[in-house]
Amino acid sequence: MLVSPSAVVSMYPAINRYHDSWSETFVHHAEVWLVDFLTSFKRRPSEIGVSKLCCRGCHVWFTTINDKIVQGGGVSLWTVSGTHGKNYPWAKDSTSRHSEAEQSMLNDVYDQVTKLLDSIHPLKMDSDDESETGEAQ
């Protein structure tokens, strides 16, 4: 299930207070920078040689870009050696030529956050009278 940021915030309003205290600086990963750079020169998709497996964010990003290439009739895809599936800090880049991939990555993060929050404290969606804590208002 993919959910929007606004859906996560509406389901878990207490999450808003963490935004102001965020201190982590995020950067794009090397393979993302490289594809953005090569794309700016109209380079054809090819294999990207990186020394490590890609994180989950990069995998989602590459999958989205490749899906768009296939939908457009393309046959050459951006490939990497694989993914280990772990999550690492990941930056959104407003200047990226791949805004749909950026949005897919963001949606995946929100989906993971929602699943994690639900595993800790499932929401009861059967009553409008219950708050985030599960108590009647």
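Up top you'll find the structure we're talking about.
Residues numbered from 1 in each chain as written. Predicted model: local features only at pLDDT ≥ 70, side-chain atom pairs only at ≥ 80, totals over all residues. Heavy atoms only, no water.

Trainee: For the state of the cysteines, give the residues involved together with the corresponding values.
Mentor: Inspection of every chain in the model, using the stated rule, returns zero disulfides. The closest cysteine sulfur to the non-disulfide-bonded C58 is located on C55, 3.8 Å from its own sulfur. (Disulfide = S-S within 2.5 Å.)

Trainee: Talk me through a nonpolar patch on the surface; I want residue IDs and the actual numbers.
Mentor: Judged by side-chain polarity, L34, F37 and F41 come together as a nonpolar surface patch covering roughly 310 Å² of accessible area. Note on placement: L34 falls in helix α2 (residues 30-40). Judged by its relative accessible area of 34%, L34 falls in the partly exposed class. (Patch = residues over 30% accessible without salt bridge, like charges linked within 9 Å, V, L, I, M, F, W, Y side chains within 5 Å. Areas by Shrake-Rupley, 256 points an atom, 1.4 Å probe, with all protein chains shown as cover. Salt bridge = Lys/Arg side-chain N within 4 Å of Asp/Glu carboxyl O. Helix = DSSP H or I, 4+ residues; strand = E, 2+ residues; numbered from the N terminus. Buried < 20%, exposed > 50% of the residue type's maximum accessible area, 1.4 Å probe, protein only.)

Trainee: Quick rundown of the pattern of salt bridges? Include the residues and the values.
Mentor: Using the criterion set out here, one finds three salt bridges in the structure. When the shortest N-O distance is used, the salt bridge between R56 and D108 registers 2.7 Å. Highlighted residues: R56 in helix α3 (residues 56-71) and D108 in helix α4 (residues 99-120), separated in sequence by 52 residues. Accessibility expressed as a relative area gives 9% for D108, which makes it buried. For the salt bridge of E100 with K68, the shortest nitrogen-to-oxygen distance reads 3.6 Å. Of this pair, E100 sits in helix α4 while K68 sits in helix α3, placing them 32 residues apart in sequence. The exposure class of K68 is partly exposed, given its relative accessible area of 47%.

Trainee: Which residues make up α3, and what values go with them?
Mentor: Compared with an ideal rise of 1.5 Å per residue, which puts 16 residues at 22 Å, α3 spans 22 Å between its outermost C-alpha atoms and is within 8% of the ideal. For α3, the complete set of buried residues consists of G57, C58, V60, W61, F62, T64, I65, N66 and I69. Elements that come into contact with the buried residues of α3 comprise α2 and α4. Phi for G73, located one or two positions after α3, is positive at around 90°. (Expected span 1.5 Å × (residues − 1). Contact = heavy atoms within 4.5 Å.)

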